[in-house]
Amino acid sequence: MVHRNPCIANLKAGYLFPEIAKRRREYAQAHPDAKIISLGVGNTTEPVMPHINAGLVEGARRLGTVEGYSGYQDEGLLELREKISAVYYGGKFGADEIFISDGAKCDIGRLQLLFGAGTKAAVQDPSYPVYVDGSVLAGAAGAGSGAGYDGIVYLPCTAANNFFPDLSPVPVNGLVYFCSPNNPTGAVADREQLASLVDAAIKKGSLIIFDAAYSEFIRDTALPKSIYEVEGARECAIEVNSFSKTAGFTGVRLGWSVVPAQLQYESGERISADWNRVCSTIFNGASNIAQAGGLAALDGEGQKEIRSLTDFYLGNAHIIRSALQKIGIHCTGGDNSPYIWSHFPDRDSWEVFSEILEKCQVVTTPGAGFGPAGGGYVRFSAFGHRNDVEEACRRLEQLG
Ligand code: PLP
């Protein structure tokens, strides 16, 4: 029989969210009357808003007409790429520097193909699991001993450093995955912090892969929404972003990456040329219908809807954070991000997860699932219907 890819065997545990779903299922089977509420996974719950939805519907309608029909569009609709540059980057990027995709997670997975095995990567610890698990699948990280992986440099983000890491371990000629607003801590790096990240990357000859999937949740206007707000970032950073959490496109699937023309490998070759090659070789572009929805999301009315949807989830975050603080649980995040990072000192986070599930029938995400420094923390997600969030918060009082 065919051999299993040894990289898959190197993955230490099942992917975090399927594991949480499994534990939820087991609890539901044992307690069939329990009304479980999920504040665990970062999946959106509210309907796509009317103007953006009309864009999707119109995109589908056009496909049924001779004049409106379109087929493959590889790197994405020119109009959409231009509009992303205008709305998110003040027109600083050419359309050929913006690549439309089926989402940020998919881009993060595919980007790993550019660097191959043996490329060291630094990650914020804790971090969104795909940076590490994707590196393992790509053969860039091996099964290490203990909780971590060989080839991954963990940059602890803790209360002691206000969730911004010491950057001195950033590898030479490697990668740094950086997510702000951060999933799971909810921390947002300020301008000086991002400037120090860019500085560290340039000095080390490393490339930043900046995940801005939650940038539209930032309300503090002093905080940067993109790595390109920092001078020098074009020489050392790729940015990924997505319509998932802002326009409710988690199931529609639409995102983008920015690969500046001047980004180079050590050998002097252009990274964007290879990215174009990878995308056109193993990816055939985002759905035309999703792109029509994306265009609607980027006009004036669509932007208002995005603001209103993100305001709604931030309202949930405020309710959750207040409920936790009321019972004496210290938390961060939830003000410029949809995640609340709650501290249960000296506790095992899977044990806290089980306690909250058993006492309150509320699903959370154990911090340890996001990296070694996530132990002792539990993540609450603000993605939920308002009445579910309010009911979950009433139940959480039992933890006090
Ligand atoms: N990046 C981060 C930090 C996320 O938390 C998520 C989803 O939870 C994604 C990317 C995935 O985005 P997409 O739906 O565009 O693949």
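Preceding this section is the structure that the text describes.
Cut-offs and rules
- Residues numbered from 1 in each chain as written.
- Predicted model: local features only at pLDDT ≥ 70, side-chain atom pairs only at ≥ 80, totals over all residues.
- Heavy atoms only, no water.
- Pairing = 2+ DSSP bridges.
- Helix = DSSP H or I, 4+ residues; strand = E, 2+ residues; numbered from the N terminus.
- Axes fitted to C-alpha atoms, helices over the stretch in contact; angles between N-to-C directions.
- Contact = heavy atoms within 4.5 Å.
- Phe/Tyr/Trp six-rings, centres within 6.5 Å; stacked < 30°, edge-to-face > 60°.
- Buried < 20%, exposed > 50% of the residue type's maximum accessible area, 1.4 Å probe, protein only.
- Lys NZ or Arg CZ within 6 Å of the ring centre and 35° of its normal.
- Near = heavy atom within 4 Å.
- Polar contact = N/O pair within 3.5 Å; in protein donor to acceptor, adjacent residues only side chain to side chain.
- Areas by Shrake-Rupley, 256 points an atom, 1.4 Å probe, with all protein chains shown as cover.

Focus: the sheet that holds strand β7 (residues 175-179)
Then, number 1: Ordered in space as β2-β10-β9-β8-β7-β3-β6, the 7 strands form an open sheet in which the pairing is mixed. Looking at the sheet topology across the chains shown, the edges are occupied by β2 (98-101) and β6 (152-156). With strand direction ignored, the average angle separating the axes of adjacent strands in the sheet is 20°.
Then, number 2: Pairing of strand β8 (residues 207-211) with strand β9 (residues 237-242) involves 4 bridges; the strand directions are parallel. What sits directly across from Phe210, in β9, is Glu239.
Then, number 3: Strand contacts of helix α4 (residues 78-89): β2, β9 and β10 (255-258), with the helix running at about 110° to β2, the strand carrying the most contacts.
Then, number 4: Where helix α5 (residues 104-111) meets the sheet, it contacts β2, β7, β8, β9 and β10, and its direction lies at approximately 150° from that of β9.

Examining the packing of aromatic side chains
Then, number 1: Enumeration according to the criterion identifies 24 aromatic pairs in this entry.
Then, number 2: A centroid spacing of 6.3 Å and a plane angle of 5° characterise the contact between Phe178 and Phe210, whose relative ring orientation is stacked. Of this pair, Phe178 sits in strand β7 while Phe210 sits in strand β8; the two residues are 32 residues apart in sequence, bridging distant segments of the chain. Accessibility classification places Phe178 together with Phe210 in one group, the buried group.
Then, number 3: Among the aromatic residues, those joined into a ring-pair cluster are Tyr88, Tyr89, Phe93, Tyr228, Phe243, Phe249 and Trp256.
Then, number 4: Sitting over the face of the ring of Tyr149, Lys12 holds its NZ or CZ atom 4.7 Å from the ring centroid.
Then, number 5: Taking NZ or CZ as reference, Arg23 lies 3.9 Å from the ring centre of Trp350, over its face.

Notes on the sheet that holds strand β15 (residues 377-381)
Then, number 1: Spatially, the 4 strands line up as an open sheet ordered β11-β12-β15-β14, and their pairing is antiparallel. The strands lining the two open edges of the sheet, one partner per strand, are β11 (331-333) and β14 (365-366).
Then, number 2: Where β14 lies against β15, 2 bridges are found, and the strand directions are antiparallel. Bridge pairing in β15 places Thr365 opposite Arg379.

A word on the site of the ligand
Then, number 1: Surrounding the ligand, one finds 14 residues, the nearest of these being Asp211, Tyr214, Ser242, Ser244 and Lys245.
Then, number 2: In this structure, an oxygen atom belonging to the ligand sits 2.7 Å away from a side-chain N or O atom of Asn183.
Then, number 3: In this structure, a nitrogen atom belonging to the ligand sits 2.6 Å away from a side-chain N or O atom of Asp211.
Then, number 4: Compared with its free state, where it exposes 400 Å², the ligand has 92% of that area covered by protein.

Concerning the pairing of strand β3 (residues 121-125)
Then, number 1: Judged by how many residues are buried, β3 sits mostly within the fold: 5 of 5 residues are covered.
Then, number 2: Alternating residues of β3 divide into Ala121, Val123 and Asp125 and Ala122 and Gln124, and every residue in both groups is buried.
Then, number 3: Sheet topology note: the β3/β6 ladder contains 5 bridges and is parallel. Within the sheet, the bridge partner assigned to Ala121 lies in β6 and is Ile152.
Then, number 4: Both β3 and β7 contribute to a ladder of 3 bridges, which runs parallel. Looking across to β7, one finds that Val123 is bridged to Tyr177.

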